[in-house]
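# Report on the structure
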Amino acid sequence: MESILDCLIVGSGPSGFTAAIYAARADLKPELYTGLEPGGQLTTTTEVDNFPGYPQGVTGPEMMLQLQAQAERFDTKIHYEMITKAEFSTDMGGIHTLWAGKKEIKARTVIISTGATAKYLGLADEKTYSGGGVSACATCDGFFYKGKDVIVVGGGDTAAEEATYLAKLTSKVTMLVRKGQFRASKAMIHRVENTPNIEVKYFHELVGIEGENGMVERARVVNNQTNEISSIEVHGIFIAIGHKPNTEIFKEQITTDQNGYIVTQKGSTRTNLPGVFAAGDVQDHIYRQAITAAGTGCMAAMDAEKYLAELE
Ligand code: NDP
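Residues numbered from 1 in each chain as written. Predicted model: local features only at pLDDT ≥ 70, side-chain atom pairs only at ≥ 80, totals over all residues. Heavy atoms only, no water.

### Description of the site of the ligand
Here is the rule: Only a single heavy atom is needed: when it lies within 4 Å of a molecule or strand, its residue is near that molecule or strand. Polar contacts, as used here, are pairs of N or O atoms within 3.5 Å; protein pairs need one atom able to donate a hydrogen and one able to accept it. Residues neighboring in sequence count only if both atoms are side-chain atoms. Each accessible area is a Shrake-Rupley estimate made with a 1.4 Å probe; only the visible protein chains count as cover when residues are assessed. All residues other than Ala, Val, Leu, Ile, Met, Phe, Trp, Tyr, Cys, Pro, Asp, Glu, Lys and Arg, Gly among them, are scored as polar; the first ten of these are nonpolar and the last four charged.
G155, D157, T158, R178 and R183 are the nearest of the 14 residues found near the ligand. The side chain of T158 places a nitrogen or oxygen atom 2.5 Å from an oxygen atom of the ligand. Measuring from an oxygen atom of the ligand, one finds a side-chain N or O atom of R183 at 2.6 Å. Burial of the ligand by the surrounding chains reaches 75%, relative to a free accessible area of 910 Å². Classifying every residue of the shell around the ligand gives two nonpolar, seven polar and five charged.

### Topic: the sheet that holds strand β15 (residues 215-223)
Stated formally: For two strands to be treated as a pair, DSSP must find no fewer than two bridges joining them. Helix and strand labels come from DSSP, where a helix needs a run of H or I of at least four residues and a strand needs a run of E of at least two; each type is numbered from the N terminus. Orientation is described by lines fitted to C-alpha atoms, with helices fitted over the stretch in contact, and by angles between N-to-C directions that extend from 0 to 180 degrees.
Within the open sheet, the three strands sit side by side as β14-β15-β16. Their pairing is antiparallel. What marks the edges here is a single partner per strand, and that holds for β14 (204-212) and β16 (229-233). Averaged over all pairs of adjacent strands, the angle between strand axes in this sheet comes to 30°, irrespective of strand direction. In the sheet, β14 pairs with β15 via eight bridges, with the strands oriented antiparallel.

### Brief notes about the pattern of salt bridges
Going by this rule: Salt-bridge detection follows one rule: a side-chain nitrogen of Lys or Arg within 4 Å of a carboxyl oxygen of Asp or Glu. The classification of residues rests on relative accessible area computed with a 1.4 Å probe and restricted to protein chains. Under 20% of the type maximum is buried, over 50% is exposed, and intermediate values are partly exposed.
For the structure on display, the rule yields 14 salt bridges. Of the charged contacts in the structure, one is a salt bridge between E104 and K106, with a shortest N-O distance of 3.8 Å. Here E104 falls in the partly exposed class, since its relative accessible area comes to 43%. Classification of K106 by relative accessible area gives buried; the value is 18%. One continuous salt-bridge network, built from bridges that share partners, spans E210, E217, R218, R220 and E233.

From the geometry alone we can't say anything about function, so treat these as descriptive.
So this is what it looks like as C-alpha coordinates:
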(Lines give C-alpha, C1' and ligand atoms only; values in the text may rest on other atoms or scores of the structure.)
Protein backbone atom coordinates (compact mmCIF):
# COMPACT_ATOMS: atom_id res chain seq x y z
CA MET A 1 0.00 0.00 0.00
CA GLU A 2 1.18 3.50 -0.82
CA SER A 3 2.50 5.22 2.28
CA ILE A 4 1.20 8.68 3.16
CA LEU A 5 3.08 10.71 5.73
CA ASP A 6 1.18 12.65 8.35
CA CYS A 7 3.79 15.38 8.30
CA LEU A 8 6.44 16.27 5.76
CA ILE A 9 8.89 19.04 6.68
CA VAL A 10 10.83 20.80 3.96
CA GLY A 11 13.95 22.58 5.20
CA SER A 12 16.45 22.11 7.99
CA GLY A 13 16.99 25.44 9.70
CA PRO A 14 15.80 26.24 13.24
CA SER A 15 12.16 26.34 12.08
CA GLY A 16 12.30 22.96 10.33
CA PHE A 17 14.02 21.13 13.17
CA THR A 18 11.79 22.73 15.82
CA ALA A 19 8.72 21.73 13.79
CA ALA A 20 10.19 18.20 13.66
CA ILE A 21 10.72 18.05 17.43
CA TYR A 22 7.13 19.10 18.12
CA ALA A 23 5.58 16.99 15.35
CA ALA A 24 7.53 13.91 16.43
CA ARG A 25 6.52 14.33 20.05
CA ALA A 26 2.90 14.62 18.87
CA ASP A 27 3.38 11.24 17.16
CA LEU A 28 3.03 12.60 13.62
CA LYS A 29 6.15 10.62 12.60
CA PRO A 30 7.56 13.52 10.59
CA GLU A 31 10.06 13.12 7.79
CA LEU A 32 12.32 16.07 7.08
CA TYR A 33 14.10 16.88 3.82
CA THR A 34 17.18 18.98 4.52
CA GLY A 35 17.76 20.66 1.15
CA LEU A 36 21.18 21.45 -0.21
CA GLU A 37 22.44 23.25 2.88
CA PRO A 38 21.60 21.08 5.90
CA GLY A 39 21.24 23.38 8.90
CA GLY A 40 20.38 26.40 6.78
CA GLN A 41 21.71 29.93 7.12
CA LEU A 42 23.08 29.40 10.63
CA THR A 43 25.71 27.03 9.32
CA THR A 44 27.31 30.01 7.59
CA THR A 45 27.55 32.11 10.75
CA THR A 46 30.13 31.82 13.47
CA GLU A 47 29.17 32.50 17.10
CA VAL A 48 25.46 32.62 18.05
CA ASP A 49 25.23 34.60 21.28
CA ASN A 50 21.57 35.52 21.28
CA PHE A 51 19.77 32.18 21.32
CA PRO A 52 18.37 31.74 24.84
CA GLY A 53 19.79 28.79 26.73
CA TYR A 54 23.39 29.10 25.62
CA PRO A 55 24.95 31.41 28.24
CA GLN A 56 28.42 30.98 26.72
CA GLY A 57 27.17 31.19 23.13
CA VAL A 58 27.37 28.42 20.58
CA THR A 59 28.55 28.25 17.00
CA GLY A 60 25.84 28.18 14.33
CA PRO A 61 26.87 24.74 12.98
CA GLU A 62 27.04 23.25 16.49
CA MET A 63 23.58 24.57 17.36
CA MET A 64 22.13 23.08 14.20
CA LEU A 65 23.71 19.68 14.96
CA GLN A 66 22.12 19.80 18.41
CA LEU A 67 18.71 20.72 17.00
CA GLN A 68 18.99 17.85 14.52
CA ALA A 69 20.02 15.41 17.26
CA GLN A 70 17.02 16.52 19.31
CA ALA A 71 14.67 15.97 16.35
CA GLU A 72 16.22 12.53 15.74
CA ARG A 73 15.90 11.59 19.40
CA PHE A 74 12.14 11.58 18.84
CA ASP A 75 12.51 9.52 15.65
CA THR A 76 12.23 12.19 12.99
CA LYS A 77 13.47 10.65 9.77
CA ILE A 78 15.98 12.95 8.09
CA HIS A 79 16.56 12.78 4.33
CA TYR A 80 19.61 14.57 2.95
CA GLU A 81 17.76 15.38 -0.22
CA MET A 82 16.29 18.39 -1.94
CA ILE A 83 12.58 18.75 -2.67
CA THR A 84 12.39 19.76 -6.32
CA LYS A 85 8.69 19.84 -7.13
CA ALA A 86 5.36 20.11 -5.34
CA GLU A 87 1.75 19.55 -6.24
CA PHE A 88 -0.52 20.62 -3.43
CA SER A 89 -4.09 19.55 -2.99
CA THR A 90 -6.56 22.40 -2.55
CA ASP A 91 -9.08 20.18 -0.72
CA MET A 92 -9.50 19.94 3.02
CA GLY A 93 -7.94 16.57 3.93
CA GLY A 94 -6.39 16.24 0.46
CA ILE A 95 -3.06 14.53 -0.13
CA HIS A 96 -0.08 16.66 -1.16
CA THR A 97 2.57 15.23 -3.48
CA LEU A 98 6.17 16.39 -3.48
CA TRP A 99 9.22 15.07 -5.27
CA ALA A 100 12.87 14.75 -4.33
CA GLY A 101 14.21 14.25 -7.83
CA LYS A 102 12.28 11.21 -9.11
CA LYS A 103 11.20 10.09 -5.66
CA GLU A 104 7.54 10.82 -4.96
CA ILE A 105 6.42 11.66 -1.41
CA LYS A 106 2.81 11.92 -0.30
CA ALA A 107 1.74 13.71 2.85
CA ARG A 108 -1.36 14.95 4.62
CA THR A 109 0.42 18.02 5.98
CA VAL A 110 3.46 19.86 4.71
CA ILE A 111 5.50 22.36 6.71
CA ILE A 112 7.52 24.62 4.44
CA SER A 113 10.58 25.93 6.25
CA THR A 114 12.92 26.52 3.33
CA GLY A 115 14.17 29.86 4.66
CA ALA A 116 15.58 32.77 2.76
CA THR A 117 18.99 33.39 1.34
CA ALA A 118 20.85 36.64 1.86
CA LYS A 119 21.86 38.22 -1.38
CA TYR A 120 25.53 38.95 -1.87
CA LEU A 121 27.22 41.15 -4.45
CA GLY A 122 29.01 38.27 -6.11
CA LEU A 123 32.57 39.44 -5.40
CA ALA A 124 35.15 36.68 -4.94
CA ASP A 125 36.42 38.58 -1.88
CA GLU A 126 33.07 38.12 -0.11
CA LYS A 127 33.79 34.38 0.05
CA THR A 128 37.43 34.87 1.03
CA TYR A 129 36.44 37.00 4.03
CA SER A 130 33.22 35.21 4.99
CA GLY A 131 33.53 34.60 8.73
CA GLY A 132 36.44 37.06 8.85
CA GLY A 133 34.51 40.30 8.65
CA VAL A 134 31.93 39.86 5.88
CA SER A 135 28.42 39.24 7.15
CA ALA A 136 24.81 39.63 6.10
CA CYS A 137 23.37 39.89 9.61
CA ALA A 138 24.15 42.76 11.98
CA THR A 139 22.09 41.32 14.84
CA CYS A 140 24.09 38.08 14.58
CA ASP A 141 27.59 39.47 14.12
CA GLY A 142 27.54 43.18 15.07
CA PHE A 143 28.75 42.40 18.57
CA PHE A 144 32.19 41.40 17.23
CA TYR A 145 32.80 44.93 15.94
CA LYS A 146 32.36 46.84 19.18
CA GLY A 147 34.31 50.10 18.97
CA LYS A 148 35.45 49.36 15.40
CA ASP A 149 34.59 50.85 12.00
CA VAL A 150 32.25 49.00 9.67
CA ILE A 151 30.60 49.37 6.29
CA VAL A 152 27.00 48.61 5.38
CA VAL A 153 26.24 48.06 1.70
CA GLY A 154 22.69 48.85 0.54
CA GLY A 155 20.07 51.56 0.67
CA GLY A 156 16.86 49.70 1.60
CA ASP A 157 15.13 49.27 4.96
CA THR A 158 17.37 46.35 5.88
CA ALA A 159 20.53 48.39 5.28
CA ALA A 160 19.15 51.36 7.20
CA GLU A 161 18.12 49.13 10.08
CA GLU A 162 21.47 47.31 10.15
CA ALA A 163 23.33 50.63 10.04
CA THR A 164 21.42 52.17 12.96
CA TYR A 165 21.82 48.95 14.96
CA LEU A 166 25.57 48.84 14.25
CA ALA A 167 25.98 52.56 15.01
CA LYS A 168 25.17 51.80 18.66
CA LEU A 169 27.96 49.24 18.90
CA THR A 170 30.66 50.45 16.58
CA SER A 171 32.57 53.70 16.40
CA LYS A 172 31.59 54.51 12.82
CA VAL A 173 29.32 53.10 10.12
CA THR A 174 29.86 54.02 6.48
CA MET A 175 26.86 53.26 4.28
CA LEU A 176 27.48 52.62 0.60
CA VAL A 177 24.36 53.47 -1.42
CA ARG A 178 24.75 52.84 -5.13
CA LYS A 179 22.21 55.46 -6.24
CA GLY A 180 21.85 59.11 -5.23
CA GLN A 181 19.04 58.17 -2.88
CA PHE A 182 17.83 55.57 -0.43
CA ARG A 183 15.19 53.01 -1.25
CA ALA A 184 14.36 52.79 2.47
CA SER A 185 11.21 54.29 4.00
CA LYS A 186 11.20 57.91 5.14
CA ALA A 187 11.15 56.90 8.80
CA MET A 188 14.27 54.75 8.39
CA ILE A 189 16.09 57.43 6.40
CA HIS A 190 15.27 59.88 9.16
CA ARG A 191 16.82 57.53 11.72
CA VAL A 192 19.98 57.18 9.62
CA GLU A 193 20.27 60.94 9.12
CA ASN A 194 19.88 61.54 12.83
CA THR A 195 22.60 59.11 13.84
CA PRO A 196 25.83 61.10 14.10
CA ASN A 197 28.25 58.21 13.56
CA ILE A 198 26.71 57.06 10.27
CA GLU A 199 28.25 58.51 7.12
CA VAL A 200 26.31 57.91 3.90
CA LYS A 201 28.29 57.70 0.69
CA TYR A 202 25.85 57.97 -2.21
CA PHE A 203 26.87 56.68 -5.66
CA HIS A 204 29.40 54.37 -4.01
CA GLU A 205 29.81 50.63 -4.49
CA LEU A 206 32.02 47.99 -2.92
CA VAL A 207 34.43 46.56 -5.47
CA GLY A 208 36.98 44.69 -3.38
CA ILE A 209 38.06 43.68 0.12
CA GLU A 210 41.61 43.52 1.46
CA GLY A 211 42.94 42.05 4.67
CA GLU A 212 45.30 39.64 6.30
CA ASN A 213 44.86 36.01 7.40
CA GLY A 214 41.28 36.07 6.19
CA MET A 215 40.38 39.09 8.35
CA VAL A 216 39.02 42.25 6.74
CA GLU A 217 41.22 45.35 7.03
CA ARG A 218 39.93 47.65 4.29
CA ALA A 219 37.28 48.02 1.64
CA ARG A 220 37.89 49.18 -1.90
CA VAL A 221 35.03 51.35 -3.10
CA VAL A 222 34.24 53.10 -6.35
CA ASN A 223 32.36 56.33 -6.92
CA ASN A 224 30.21 55.22 -9.84
CA GLN A 225 29.85 58.82 -11.09
CA THR A 226 33.57 59.59 -11.34
CA ASN A 227 34.98 56.01 -11.40
CA GLU A 228 37.38 57.09 -8.67
CA ILE A 229 38.51 54.19 -6.47
CA SER A 230 39.37 54.69 -2.82
CA SER A 231 39.99 52.61 0.32
CA ILE A 232 38.20 52.70 3.65
CA GLU A 233 39.81 51.12 6.73
CA VAL A 234 37.22 48.83 8.33
CA HIS A 235 36.95 45.56 10.22
CA GLY A 236 33.43 44.57 9.26
CA ILE A 237 31.47 44.69 6.01
CA PHE A 238 27.73 44.05 6.20
CA ILE A 239 26.02 43.26 2.93
CA ALA A 240 22.37 44.33 3.25
CA ILE A 241 21.03 44.28 -0.28
CA GLY A 242 18.06 42.06 0.43
CA HIS A 243 17.09 38.43 0.91
CA LYS A 244 15.49 36.00 -1.45
CA PRO A 245 12.91 33.64 0.07
CA ASN A 246 13.31 30.08 -1.13
CA THR A 247 9.83 29.72 -2.58
CA GLU A 248 10.61 29.13 -6.25
CA ILE A 249 8.94 25.70 -6.47
CA PHE A 250 5.90 26.68 -4.36
CA LYS A 251 4.97 30.18 -5.46
CA GLU A 252 2.70 29.17 -8.35
CA GLN A 253 0.41 27.43 -5.89
CA ILE A 254 0.87 29.22 -2.59
CA THR A 255 0.03 32.84 -1.97
CA THR A 256 3.17 34.94 -1.61
CA ASP A 257 3.70 38.69 -1.19
CA GLN A 258 5.31 40.88 -3.83
CA ASN A 259 8.78 39.85 -2.61
CA GLY A 260 8.01 36.12 -2.80
CA TYR A 261 7.53 35.49 0.95
CA ILE A 262 4.75 33.03 1.81
CA VAL A 263 1.75 34.76 3.31
CA THR A 264 0.47 33.12 6.49
CA GLN A 265 -2.78 33.82 8.25
CA LYS A 266 -2.41 36.21 11.16
CA GLY A 267 -1.45 34.48 14.40
CA SER A 268 -0.88 31.11 12.73
CA THR A 269 1.34 29.38 10.17
CA ARG A 270 -1.55 28.44 7.87
CA THR A 271 -1.10 29.25 4.20
CA ASN A 272 -3.91 29.61 1.64
CA LEU A 273 -3.84 25.81 1.16
CA PRO A 274 -5.37 23.40 3.67
CA GLY A 275 -2.74 21.28 5.39
CA VAL A 276 0.18 23.41 4.16
CA PHE A 277 1.99 25.51 6.75
CA ALA A 278 4.96 27.85 6.56
CA ALA A 279 7.50 28.59 9.29
CA GLY A 280 10.70 30.59 9.65
CA ASP A 281 12.25 33.10 7.28
CA VAL A 282 10.31 31.83 4.28
CA GLN A 283 7.30 33.69 5.73
CA ASP A 284 9.09 36.39 7.76
CA HIS A 285 11.11 39.22 6.24
CA ILE A 286 11.06 41.32 9.39
CA TYR A 287 12.51 39.43 12.37
CA ARG A 288 14.63 36.75 10.63
CA GLN A 289 16.12 35.39 13.86
CA ALA A 290 16.85 31.78 14.82
CA ILE A 291 14.63 32.11 17.88
CA THR A 292 11.66 33.54 15.95
CA ALA A 293 12.12 30.87 13.27
CA ALA A 294 12.13 28.18 15.96
CA GLY A 295 8.99 29.73 17.47
CA THR A 296 7.08 29.56 14.20
CA GLY A 297 8.38 26.01 13.64
CA CYS A 298 6.71 25.03 16.91
CA MET A 299 3.52 26.81 15.80
CA ALA A 300 3.52 25.00 12.44
CA ALA A 301 3.76 21.56 14.07
CA MET A 302 0.93 22.45 16.45
CA ASP A 303 -1.15 23.82 13.55
CA ALA A 304 -0.52 20.62 11.57
CA GLU A 305 -1.52 18.46 14.54
CA LYS A 306 -4.72 20.47 15.02
CA TYR A 307 -5.53 20.24 11.30
CA LEU A 308 -5.15 16.45 11.34
CA ALA A 309 -7.24 16.18 14.50
CA GLU A 310 -10.01 18.21 12.84
CA LEU A 311 -10.09 15.72 9.95
CA GLU A 312 -10.77 12.77 12.19
P1 NDP B 1 15.32 46.14 -0.79
O2 NDP B 1 15.17 45.36 -2.05
O3 NDP B 1 14.20 47.00 -0.35
O4 NDP B 1 16.60 47.08 -0.90
C5 NDP B 1 17.80 46.59 -1.39
C6 NDP B 1 18.81 47.71 -1.39
O7 NDP B 1 20.06 47.17 -1.77
C8 NDP B 1 18.48 48.84 -2.37
O9 NDP B 1 18.94 50.05 -1.86
C10 NDP B 1 19.29 48.42 -3.60
O11 NDP B 1 19.68 49.51 -4.38
C12 NDP B 1 20.51 47.84 -2.95
N13 NDP B 1 21.17 46.89 -3.83
C14 NDP B 1 20.62 45.81 -4.44
N15 NDP B 1 21.54 45.17 -5.16
C16 NDP B 1 22.70 45.87 -5.02
C17 NDP B 1 24.01 45.74 -5.53
N18 NDP B 1 24.33 44.72 -6.33
N19 NDP B 1 24.94 46.63 -5.17
C20 NDP B 1 24.63 47.65 -4.33
N21 NDP B 1 23.41 47.86 -3.83
C22 NDP B 1 22.45 46.98 -4.16
O23 NDP B 1 15.71 45.02 0.32
P24 NDP B 1 15.59 45.11 1.90
O25 NDP B 1 16.17 43.86 2.42
O26 NDP B 1 16.15 46.37 2.40
O27 NDP B 1 14.03 45.08 2.17
C28 NDP B 1 13.20 44.01 1.68
C29 NDP B 1 11.76 44.25 2.12
O30 NDP B 1 11.66 44.08 3.53
C31 NDP B 1 11.29 45.66 1.83
O32 NDP B 1 9.93 45.64 1.48
C33 NDP B 1 11.48 46.39 3.14
O34 NDP B 1 10.62 47.50 3.28
C35 NDP B 1 11.16 45.27 4.13
N36 NDP B 1 11.83 45.49 5.41
C37 NDP B 1 11.12 46.06 6.42
C38 NDP B 1 11.70 46.31 7.63
C39 NDP B 1 10.88 46.93 8.69
O40 NDP B 1 9.72 47.25 8.42
N41 NDP B 1 11.41 47.11 9.87
C42 NDP B 1 13.10 45.99 7.91
C43 NDP B 1 13.77 45.40 6.78
C44 NDP B 1 13.15 45.18 5.59
P45 NDP B 1 18.71 50.23 -5.45
O46 NDP B 1 17.76 51.06 -4.65
O47 NDP B 1 19.68 51.01 -6.25
O48 NDP B 1 18.05 49.14 -6.22
